[in-house]
Amino acid sequence: MSTRETVYSVVKTIPKGKVATYGQIARLADTGPRVVGKYLHQNSDPKTYPCHRVVHADGSLAPSYAFGGADKQMQKLKLEGVSFKNHKVDLELSLWY
């Protein structure tokens, strides 16, 4: 399995209502966080690979979220029940694991 496939495979398992950080995905896929970001920006199937559930280590959203920017990412996460505090994901409540 390629690194890209591994990243997508991990992202696919993040449940609704939870988020993971780029660093978490990178550790699970044995790569770097910037590589994770690159692959997620190239994601052509966001329904299968929910890249909106991946955030920065401080809970901030991706300003260049490929499917509508940070506002759209926040909207999707809120619809799934993700908690926010001061415009960042409340990682204490919403971090995947």
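Everything discussed here concerns the structure shown above.
A. Expanded view of the overall build of the protein. Regarding its fold elements, the protein presents 5 helices and 4 strands. Its helices and strands in sequence order give the protein the pattern α-β-α-α-β-α-β-β-α, from N to C terminus. Here the C-alpha coordinates of the protein stretch approximately 35 × 25 × 20 Å along the principal axes. Burial analysis of the protein (97 residues in total) assigns 39% to the buried set. Considering only contacts within the protein whose residues lie at least 6 apart along the sequence, 58% involve residues at least 24 apart. When the accessible surface of the protein is totalled, it reaches about 5,600 Å², and 50% of it is carbon and sulfur. Within the protein, the 8 negative side-chain charges are centred at a point lying 3 Å from the centre of the 14 positive side-chain charges.

B. Highlighting the side chain of Asn43. Relative to the elements of secondary structure, Asn43 occurs in the loop between α3 (33-41) and β2 (54-55). Exposure remark for Asn43: the relative accessible area of 4% places this residue in the buried category. At a separation of 2.9 Å, a polar atom in the side chain of Asn43 contacts the main-chain amide nitrogen of Asp45. Only 2.7 Å separates the side chain of Asn43 from the backbone oxygen of Tyr49, close enough to count as a polar contact. Those residues in contact with Asn43 that sit more than four places away from it in its chain are Tyr8, Tyr49, Cys51 and Phe67.

C. Representation of the nonpolar core in the model. Counting residues in hydrophobic clusters, the biggest one holds 17 residues, and the most contacted among them are Val7, Val11, Ile25, Val36, Leu40 and Val54. For this core, the secondary structure elements donating two or more residues are α1 (3-12), α2 (22-29) and α3. Non-local contacts of Ile25, meaning those with residues more than four positions away in its chain, are made with Val7, Val10, Val11, Ile14, Ala20, Val36, Val54 and Trp96. In terms of nonpolar packing, the next biggest core, distinct from the first, is built from 7 residues, Val55, Leu61, Leu77 and Val82 among them.

D. Representation of α2 within the structure. Looking only at α2, the buried set comprises Tyr22, Gln24, Ile25, Ala26 and Ala29. In this structure, the buried residues of α2 make contact with α1, β1 (20-21), α3 and β2. Positioned one or two residues after α2, Asp30 has a phi angle of 55°, which is positive.

E. Representation of the pattern of salt bridges within the structure. One pass over the structure, following the stated rule, counts 2 salt bridges. With its nearest N and O atoms 3.1 Å apart, the salt bridge here joins Lys88 to Asp58. In this pair, Lys88 sits in strand β4 (residues 88-89) while Asp58 sits in the loop between β2 and α4 (69-79), placing the two residues 30 residues apart along the sequence. Given the relative accessible area of 32%, Lys88 is considered partly exposed.

How each quantity is defined
Residues numbered from 1 in each chain as written. Predicted model: local features only at pLDDT ≥ 70, side-chain atom pairs only at ≥ 80, totals over all residues. Heavy atoms only, no water. Helix = DSSP H or I, 4+ residues; strand = E, 2+ residues; numbered from the N terminus. Buried < 20%, exposed > 50% of the residue type's maximum accessible area, 1.4 Å probe, protein only. Contact = heavy atoms within 4.5 Å. Areas by Shrake-Rupley, 256 points an atom, 1.4 Å probe, with all protein chains shown as cover. Lys, Arg positive; Asp, Glu negative; His and termini not counted. Charge placed at Lys NZ, Arg CZ, Asp CG, Glu CD. Polar contact = N/O pair within 3.5 Å; in protein donor to acceptor, adjacent residues only side chain to side chain. Core = buried A, V, L, I, M, F, W, Y, C linked by side-chain atoms within 4.5 Å. Salt bridge = Lys/Arg side-chain N within 4 Å of Asp/Glu carboxyl O.

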